[in-house]
Amino acid sequence: MSLSFIPLGVGDAFSALHYSSCLALEAEGQVLLIDCPHPIRKMMREASESSGVHLDVERVSAVALTHLHADHASGLESLAYFSFFVLQRKMELLAHPSVTRRLWEGHLAAGMECLIEQHGAGPNDKHFEDYFTHTPLHLERAVKHGPFEVECRFTYHHVPTTAFRIRAAGRCLGYSADTAFDEGLISWLSEADLVIHETNYGVHTPYEKLAALPEATRAKMRLIHYPDLFDASGSVIEPLAQGRRYTV
């Protein structure tokens, strides 16, 4: 058994070349999404074609959500609707309560709170619990979901955002989510066997800061959320390739 992942997207919010950053983790036949941008089913279909691994909503057991910016959460509506109408089940959401606090009223309710379920009938009131099952993540302990154990830690970002350490099949994957450069966070992530770290402009992590890290730290680090003008060929840290399967 192994822990593997496929980057469904590797770009930032402004990318014209890549989908927004999102990972599909797989262990023991279960798929866990890290974040869920739009168009999530198209992203999964294209990743299936490039990797040879079948991915679609019926294989997704849960979404681990880092934060509410649209390039990380805009696909939740379509994912939940597909689960509700086609699969007739709720989608499980793993997230810290600070991340989900405004998810319904501030993000999803406008498009999902009224639903006509039969032709000719009027709309019914719907709520978060009609579409999702929320499993809260904790700062003090890991939370288990199927073969996965998820730990979280806050990052420095505009809105509440959590990084993850995810364990399965005897391996551990670290994911920075969106963050400014934070030596404490990198130390926390470095306990993992492989670390996926963002790099970008503004209140994000400059590539130069990561490139200056010790060689042993850089060796088990991969880059994501990079801008279109990022010089991938000149990077001393390997950038993830969209649609490729990796084993931790």
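So, here's what we can say about the structure. What you see is a predicted model; the values in this text were computed from it and never measured.

## What about the pairing of strand β5 (residues 91-95)?
Then comes step 1: With 4 of its 5 residues buried, β5 lies for the most part within the structure.
Then comes step 2: The pairing of strand β4 (residues 60-64) with β5 spans 3 bridges and is parallel. What sits directly across from alanine 62, in β5, is glutamate 92.
Then comes step 3: Bridge count for β5 against strand β8 (residues 132-136) is 5 bridges, and the pairing is parallel. What sits directly across from methionine 91, in β8, is phenylalanine 132.

## Remarks on the sheet that holds strand β2 (residues 22-27)
Then comes step 1: Judged by pairing direction, the sheet is mixed, and its 7 strands sit side by side in the order β8-β5-β4-β3-β2-β1-β16 without closing on themselves. The strands lining the two open edges of the sheet, one partner per strand, are β8 and β16 (246-247).
Then comes step 2: Against the sheet, helix α3 (residues 76-87) engages β4, β5 and β8, with an angle of about 145 degrees to β5.

## Looking at the sheet that holds strand β9 (residues 143-145)
Then comes step 1: Overall, mixed pairing links the 7 strands, which are arranged β9-β10-β11-β12-β13-β14-β15 in an open sheet. At either margin of the open sheet sits one strand with a lone partner, and together these are β9 and β15 (238-239).
Then comes step 2: Sheet analysis places strand β13 (residues 194-198) next to strand β14 (residues 221-224), joined by 4 bridges and oriented parallel. Counted as the bridge partner of glutamate 198 is isoleucine 224 from β14.

## So, unusual backbone geometry
Then comes step 1: Residue histidine 38 is joined to proline 39 through a cis peptide bond whose omega torsion reads 0 degrees.
Then comes step 2: A positive phi is found at aspartate 35, a non-glycine position, where the angle reads about 70 degrees.
Then comes step 3: Its location among the elements puts aspartate 35 in the loop between β3 (30-34) and α1 (40-51).
Then comes step 4: At glutamine 88, a residue that is not glycine, the phi angle is positive and equals roughly 55 degrees.

## Considerations on the side chain of threonine 161
Then comes step 1: Summarising the element assignment, threonine 161 is placed in the loop between β10 (148-154) and β11 (162-168).
Then comes step 2: Given a relative accessible area of 0%, threonine 161 falls into the buried group.
Then comes step 3: Here the side chain of threonine 161 touches valine 159 through a polar contact of 2.7 Å, landing on its backbone oxygen.

## Here's the deal with the side chain of serine 20
Then comes step 1: Among the structural elements, serine 20 can be located in the loop between β1 (4-9) and β2.
Then comes step 2: Among residues more than four places away in sequence, those in contact with serine 20 are Gly9, Val10, Gly11, Asp12, Pro37, Met43 and Asp71.

Calculation criteria
- Residues numbered from 1 in each chain as written.
- Predicted model: local features only at pLDDT ≥ 70, side-chain atom pairs only at ≥ 80, totals over all residues.
- Heavy atoms only, no water.
- Buried < 20%, exposed > 50% of the residue type's maximum accessible area, 1.4 Å probe, protein only.
- Helix = DSSP H or I, 4+ residues; strand = E, 2+ residues; numbered from the N terminus.
- Pairing = 2+ DSSP bridges.
- Contact = heavy atoms within 4.5 Å.
- Axes fitted to C-alpha atoms, helices over the stretch in contact; angles between N-to-C directions.
- Polar contact = N/O pair within 3.5 Å; in protein donor to acceptor, adjacent residues only side chain to side chain.

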